[in-house]
Amino acid sequence: SSLPSCLVGPPTRAFKTFFSSTEVDHPTTMGDEEKNPFTVLVCGGGNGAQVATAMYAARYSTIAVSLYADEAAKWKAALGDDDYELTLDTGKVIKSRPDDITNDPSVAAKADAIVLAVPSFAHGQYFEAFEPYIKKDTVIACMPARSGGDILLAAKLGKKADDVIFVGFETLPWACRFTEWGRKATILGTKGSILAAVTPPAKTPKAFSVLQGCLGVFPNCTVSPNNLGISLRNPGAQIHPGVMYGRWCPEKWDGNPVDEKPLFYQGVEEFSESVLLGLTNEVQLIRQKMEEMVPGLDLGDAGTLHQWYLDCYGGQMTDDSSLRACMNTNPGYRGLTHPCKEADGGKFVPDLKYRYLSEDVPTGLCFNKGLGEILGIDMPMTDKVLLWAQECIGMSFMVDGKMCGADISKTRAPQAMGITDFDAFLIASKIDKAALAAEAAQPKAPSEPAKPPAESEEKQQFTVLVCGGGNAAQVATGLFSMRYSTIAVSLFADEAAKWKAALGDDNFELTLDTGKVVKSKPDDITNDPSVAAKADCIVLAVPSFAHGEYFEAFAPHMKPGCLVVCMPA
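Below you will find a few notes about this structure. (Residues numbered from 1 in each chain as written. Predicted model: local features only at pLDDT ≥ 70, side-chain atom pairs only at ≥ 80, totals over all residues. Heavy atoms only, no water.)

1. Description of the layout of surface pockets
Move 1: In this structure, the second largest pocket occupies an estimated 1400 Å³ of space.
Move 2: Contributing to the lining of the second largest pocket are 47 residues, with Pro144, Arg146, Thr171, Leu172 and Arg355 lying nearest its centre.
Move 3: Put simply, the parts of the chain that give the lining of the second largest pocket at least two residues each are α3 (47-57), α5 (123-130), β9 (174-180), α9 (236-248), α11 (305-313) and α13 (355-358).
Move 4: For the lining of the second largest pocket, the class distribution of residues is 24 nonpolar, 14 polar and nine charged. (1 Å grid on protein atoms, 1.4 Å probe; cavity = no way out; pocket = protein on both sides within 12 Å on 5 of 7 lines; lining within 4 Å. Points joined across faces, edges and corners; volume = space filled by probe spheres on them. Helix = DSSP H or I, 4+ residues; strand = E, 2+ residues; numbered from the N terminus. Nonpolar A, V, L, I, M, F, W, Y, C, P; charged D, E, K, R; others polar.)

And the structure:
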C-alpha cells in the first residue's frame, strides 16, 4: 500500500480513494486524470530545511520560508539563478529549484503541506505567522515535533486548528550536511523508518500519503496512535537535561574549570543514571494516569528510556542490560562530550546555556512537568532538575512547585497555552474520550506489533524494475530513476535495444503535470530478466496479456520480499 505514495507522490483523487475511503464518497472512474498542482512550504534554512526543499522542488511547487533574521534573503542570493544540487544516499543527484525563498508568511495561503524543519522553540512563531493565511485541510508536519506540538498548534491557530492536519515526527528523517551553503547538500544516511502521529487520528491516511509521497520510499512513516505518545516519548526532554544535571549540579561540580571535556553519554555513571531513572519513571506515572483516565488511549510508544534505547539501537550496544550500559556502550555515542566553553589555562567549563538546556527544558521537560501537575502527580526528580536548569538559562518556569513562572509562555507546558485542567487538555489534544472508550470496547483482531523505528541513519539502497517500453513504462522509468536505482526491462521484440539506442548518453526528460521537468537516466534498459535479482520493487506497465510472460521470466531470479505491482492488474 505504500507504493503509490512513496514512489509516485502525494495522492491524486484516485490515490485518495486508495488510501482512505473516507476521503471521497464514491469511486473515481477511469480516464479522469487531472493536472494535480501540489505546493509544499518548507520552513527553515538549516541542513534539514535545505535538503527537504531541494528534494520536494524536483517534483512539486516548493517554497522555502525562513522567518529568522535575513536568512531567506541570504539563501536566495547564494543560489542566484542556479539549481540547488542535492546528492542522495542512493547515489543519485537531484538538481532542482524552489519556486521562491522568502520571509513572507502569506505564502502559506498556497500550501497543501507545510513542513517545519526548524528548532522546536521556533514552531510557535511560524504557526502564529501563518494563521491568517493557512487554508483548510493543510497538512502541517514538524520534523521533529518534540513535546506538545499539537497543543501549541491549537493555541496559535485557534479555531483554524480544527480544519488543519497536524503531524508530529519523532525525529528528522536524514543525517545531512551542507557542502556549499545555500547551493549544495548531501544526505549521508536516511532512517529506515520514522515514528509519526496525526491529529486528528482520523486524518492519518491522508497525512501519511502526502508525507510518504514527499519523502519517498525511505524513511517508512510508522504510525504512532497519537501525538501525546510522541510528546512523552521525547528522549531529549529527559536525557539532555538529566545528563547535564548529573554532571554539573552543585552536588557533583564545585564550579571550578575541569581539565578536559567530560564524555556525555559514555560518561553516565551511577548518580547520573539515578537522575535519568527518576525522570523516566515520572513520565511513566503520567502515562499510567492518562491511560487510566482515558480508557482506550494507547500510549505504548511512550516507554521508558531504557526501552527507547532497546527500540532504537537494538543490536548495536555491547551491553544493553541497563540504561547506563546502553548509553555507555552505544557506538554511535563514542567520543561525544559535554558542551563546554574554554577557560583559562586550557581548561573547560560547561556551557549551561547550550540547547540541551535552553531548548530541551522549555520544549520538553516543561511539558512533562506541566501535564504531571494537571494530573496531580508528584515529580520530585523533574522538579529538582527543572529548578536547577531554569536558573542556568536565566528563566523562571516553575515557582513553588507550580508551572506559573514569568517565562512560562516560552515553554510547551500546557499552562503556557492557558490549559490548567484535564478536560481542557483533552480538548486541545483532540483526544476524544468517548470515541476511544467505544473503540476499546470493540473486539480487535490480533495484529503483529510494528517494528520500532531505529534511530540510526544508513545509506538506503533501493532498486526498481519497470517493465515495458510504452508511454506509462517510460514515464515511470523517468520518474523513479530521479531518486532510485531504476532498470527498464522490455521482453517485447527488440524494444529495449531501440529505446537504449534512442536515449544514448542523454537524460530522459519528463514534463510533469505539476509543471516541473525531471531529467534522469535509468541505470539500464535491457531485455535480460535476470536483473529481477536486484529488484526491491517490480512495476509492470505492460498490457495485461503480457504479465504472465514477465512473471515466468523473473521467477528464477526474484528475491524474497520483492514488491510486484501491476498498473493495471
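2. Re the pattern of salt bridges
Move 1: Applying the stated rule across the entire model yields 21 salt bridges.
Move 2: Taking the shortest distance from any N to any O, the salt bridge between Arg183 and Asp82 comes out at 2.8 Å. With Arg183 in the loop between β9 and β10 (184-191) and Asp82 in the loop between α4 (71-79) and β3 (84-87), this pair connects stretches of sequence that are 101 residues apart.
Move 3: In this structure, Glu128 and Lys156 form a salt bridge, with 3.3 Å as the shortest nitrogen-oxygen distance. With Glu128 in helix α5 and Lys156 in helix α6 (residues 149-157), the pair connects residues that are 28 residues apart, well separated along the chain.
Move 4: Using a relative accessible area of 31% as the deciding quantity, one classes Lys156 as partly exposed.
Move 5: Here the salt bridges share partners, and the residues they tie into one network are Asp82, Glu180 and Arg183. (Salt bridge = Lys/Arg side-chain N within 4 Å of Asp/Glu carboxyl O. Buried < 20%, exposed > 50% of the residue type's maximum accessible area, 1.4 Å probe, protein only.)

3. Focus: the packing of aromatic side chains
Aromatic rings considered in pairs are described by the distance between their centres and by the relative angle of their planes.
Move 1: All told, the structure shown has 18 aromatic pairs when counted by the stated rule.
Move 2: With centroids separated by 3.7 Å and ring planes inclined at 15°, the aromatic side chains of Tyr265 and Tyr333 adopt a geometry described as stacked. A residue pair is termed long-range when its members are at least 10 positions apart, and Tyr265 in the loop between α9 and α10 (270-293) and Tyr333 in the loop between α12 (323-328) and β13 (340-342) qualify at 68 residues.
Move 3: Ring geometry for Trp308 versus Tyr309: centroids 5.0 Å apart, planes at 85°, classification edge-to-face. (Phe/Tyr/Trp six-rings, centres within 6.5 Å; stacked < 30°, edge-to-face > 60°.)

4. Let's talk about the packing of α5 against α6
Move 1: Between α5 and α6, the shortest axis-to-axis distance is 9 Å and the interhelical angle comes to 35°. For the pair α5 and α6, the sense of crossing is right-handed. Packed against α5, whose contacting residues are His123, Gly124, Phe127 and Glu128, the element α6 presents Gly149, Leu152, Leu153, Lys156 and Leu157 at the interface.
Move 2: In the contact of α5 with α6, the residues fall into four nonpolar, three polar and two charged. (Axes fitted to C-alpha atoms, helices over the stretch in contact; angles between N-to-C directions. Left-handed = near helix turned anticlockwise from the far one by under 90°. Contact = heavy atoms within 4.5 Å.)

5. A look at the sheet that holds strand β1 (residues 39-43)
Move 1: Across the sheet, which stays open at both edges, the eight strands sit in the order β5-β2-β1-β6-β7-β8-β11-β12 with mixed pairing between neighbours. For this open sheet the edge positions go to β5 (100-102) and β12 (220-223), each flanked by a neighbour on one side alone. Within the sheet, the average angular offset between the axes of one strand and its neighbour, ignoring direction, is 25°.
Move 2: Bridging between strand β2 (residues 61-65) and β5 involves three bridges; their strand directions are parallel. (Pairing = 2+ DSSP bridges.)

6. Comments concerning the pairing of β12
Move 1: Direction of pairing for strand β11 (residues 193-199) relative to β12: parallel, over a ladder of four bridges. What sits directly across from Ala196, in β12, is Val223.
Move 2: Read as a crossover between parallel neighbours, the route from β11 over helix α7 (residues 204-215) to β12 is right-handed. (Right-handed = clockwise from strand over helix to strand, strands pointing away.)

7. A word on a nonpolar patch on the surface
Move 1: A grouping of Phe551, Met558 and Val564 is seen on the molecular surface, where their side chains present a nonpolar patch of about 220 Å² in accessible area.
Move 2: Within the fold, Phe551 resides in helix α20 (residues 547-554).
Move 3: With a relative accessible area of 37%, Phe551 lands in the partly exposed category. (Patch = residues over 30% accessible without salt bridge, like charges linked within 9 Å, V, L, I, M, F, W, Y side chains within 5 Å. Areas by Shrake-Rupley, 256 points an atom, 1.4 Å probe, with all protein chains shown as cover.)

8. Details of the pairing of strand β7 (residues 139-142)
Move 1: Of the two faces of β7, both are covered, the one formed by Val139 and Ala141 as well as the one formed by Ile140 and Cys142.
Move 2: Bridge count between strand β6 (residues 113-116) and β7: four bridges; the pairing is parallel. Note that in β7 the partner of Leu116 across the bridge is Cys142.
Move 3: Note that the unit made of β6, α5 and β7 has a crossover that is right-handed.

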